[in-house]
Amino acid sequence: MNIADVVEYINSHSDPLLTEEMNDLIMKTCYRTHRLTVKLNNSYHEPEEIREILSDITGEPVPDSLNMFPPFYTDFGRNIHFGKNVFVNDCCHFQDQGGIFIGDNVLIGHNTVLATIDHDLDPGSRQNHYAPIHIGNNVWIGASAVITKGIVIGDNAVIAAGAVVTEDVPANVVVGGVPARIIKQLR
């Protein structure tokens, strides 16, 4: 088994239970990713170098049209998938074990958190629960927004700055608040 097998397993199961071997592979990958994010975040890099480091983090080529302003934080890295013409502003945190799928022409404001894991409420069993985040095309996520696990954001949606998204967001709306609610219909 390798890390690609683990990612495929997570992406193909609803709320997967991981084996000890899978958890060990995830932890090894997390440590590797931490080394790469330190490299990314602690010196200046030209845009091409940023994309090269991100490709190493994700394990797949990122589009040449991807732009990012570091620092950028991810604890796993192997389950982030970028569309074309994506911009990620500085200080974003992607907790991606559950999968982060970003469409084309997406703007992600600084300090945004995408979290694909949560835990049992029962203190005796704090196991991980995974679910992907899917971000449609032409989405704008404002600064300091938090998107929780299992969320689907429809095309052309706008997530207001500081919003905490705990429910799916339809296409063509503006959402904001804690928890986020529809504020305005677009088009």
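Attention here is on the structure that accompanies the text. (Residues numbered from 1 in each chain as written. Predicted model: local features only at pLDDT ≥ 70, side-chain atom pairs only at ≥ 80, totals over all residues. Heavy atoms only, no water.)

### A few points about the nonpolar core
By size, the foremost hydrophobic cluster in this structure holds 37 residues, and its most contacted members are F82, F94, I153 and I159. Broken down by secondary-structure element, the contributors of at least two residues to this core are α2 (20-41), α3 (47-58), β5 (92-95), β6 (100-102), β11 (133-135) and β17 (173-176). It is α3 that contributes the most residues to this core, 4 residues altogether. Once you skip the residues sitting within four places of it in the chain, I159 turns out to touch W140, I141, G142, A145, I147, I153, V165, V169 and V175. (Core = buried A, V, L, I, M, F, W, Y, C linked by side-chain atoms within 4.5 Å. Buried < 20%, exposed > 50% of the residue type's maximum accessible area, 1.4 Å probe, protein only. Helix = DSSP H or I, 4+ residues; strand = E, 2+ residues; numbered from the N terminus. Contact = heavy atoms within 4.5 Å.)

### What to know about the packing of helix α1 (residues 3-12) against α2
Interaxial distance between α1 and α2 falls to 10 Å at its minimum, and their mutual angle equals 110°. The angle between α1 and α2 places the two elements in the roughly perpendicular class. In this structure, α1 crosses over α2, and the sense of that crossing is left-handed. Between α1 and α2, the residues in contact are I3, V6, Y9 and I10 and M22, L25, I26 and T29, respectively. Across the contact of α1 with α2, the residue classes break down as 7 nonpolar, 1 polar and no charged. (Axes fitted to C-alpha atoms, helices over the stretch in contact; angles between N-to-C directions. Parallel < 35°, antiparallel > 145°, perpendicular 65-115°, else oblique. Left-handed = near helix turned anticlockwise from the far one by under 90°. Nonpolar A, V, L, I, M, F, W, Y, C, P; charged D, E, K, R; others polar.)

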